[in-house]
Amino acid sequence: MSGSQTISHDELQMWLLDRIAFYLDRPTENIDPGVELARYGVDSVYAISIISDIEDHLQVEVDVAEARRRETVADLTAYLLDLVA
């Protein structure tokens, strides 16, 4: 995605849910954006992979420590929307 394109909250959140579901090998609909990612088993290895995917997808540099402080998909989505705004 280029800097001139914008992504909606819903589009970004669905994309994140899809990526997390992929890494956890579970259906997207079984992941609640308001539940802490750690409860689903997202550890630091998964987190780094997901952050790498985010950087590739959004073409932005993500502060790993800052992203890791976002404990839910909803919080991470809001953080990323601020990054690309």
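Attention here is on the structure that accompanies the text. None of the values given here were measured: they were computed from a predicted structure. (Residues numbered from 1 in each chain as written. Predicted model: local features only at pLDDT ≥ 70, side-chain atom pairs only at ≥ 80, totals over all residues. Heavy atoms only, no water.)

## Details of the packing of aromatic side chains
Within this structure, the stated rule accounts for 2 aromatic pairs. Geometrically, the ring pair formed by Phe-22 and Tyr-23 is edge-to-face, given 5.2 Å between the ring centres and 75° between the ring planes. Classification of Phe-22 as exposed rests on a relative accessible area of 54%. Here Tyr-23 falls in the partly exposed class, since its relative accessible area comes to 21%. Each ring, one from Tyr-23 and one from Tyr-46, has its centre 6.3 Å from the other, and the planes form 55°; the classification is tilted. On the criterion of sequence distance, the pair formed by Tyr-23 in helix α1 (residues 9-24) and Tyr-46 in helix α2 (residues 44-58) is long-range, its members being 23 residues apart. (Phe/Tyr/Trp six-rings, centres within 6.5 Å; stacked < 30°, edge-to-face > 60°. Buried < 20%, exposed > 50% of the residue type's maximum accessible area, 1.4 Å probe, protein only. Helix = DSSP H or I, 4+ residues; strand = E, 2+ residues; numbered from the N terminus.)

## Overview of the nonpolar core
One finds Leu-12, Leu-16, Ile-20, Ile-54, Val-62 and Leu-80 to be the most contacted residues of the largest nonpolar core, which totals 25 residues. At the level of secondary structure, the elements contributing two or more residues to this core comprise α1, α2 and α4 (73-84). Ranked by residues supplied to this core, first place goes to α1 with 7 residues. Beyond its immediate chain neighbours, meaning those up to four positions away, Leu-12 contacts Ile-7, Leu-58, Thr-77, Leu-80 and Leu-81. (Core = buried A, V, L, I, M, F, W, Y, C linked by side-chain atoms within 4.5 Å. Contact = heavy atoms within 4.5 Å.)

## A closer look at α4
For α4, built from 12 residues, the straight-helix expectation of 16 Å at 1.5 Å per residue is met to within 8% by its first-to-last C-alpha distance of 16 Å. Among all positions of α4, only Val-73, Leu-76, Thr-77, Tyr-79, Leu-80 and Leu-81 are buried. Buried residues along α4 sit against α1, α2 and α3 (64-68). (Expected span 1.5 Å × (residues − 1).)

## Quick word on α1
An ideal rise of 1.5 Å per residue puts 22 Å on 16 residues; α1 measures up with 22 Å between its terminal C-alpha atoms. Those residues of α1 that fall on the buried side of the exposure criterion are Leu-12, Gln-13, Trp-15, Leu-16, Leu-17, Ile-20, Ala-21 and Leu-24. The inward-facing, buried residues of α1 abut α2 and α4. Where α1 ends, the next residue or the one after it, Asp-25, has phi of about 55°, a positive value.

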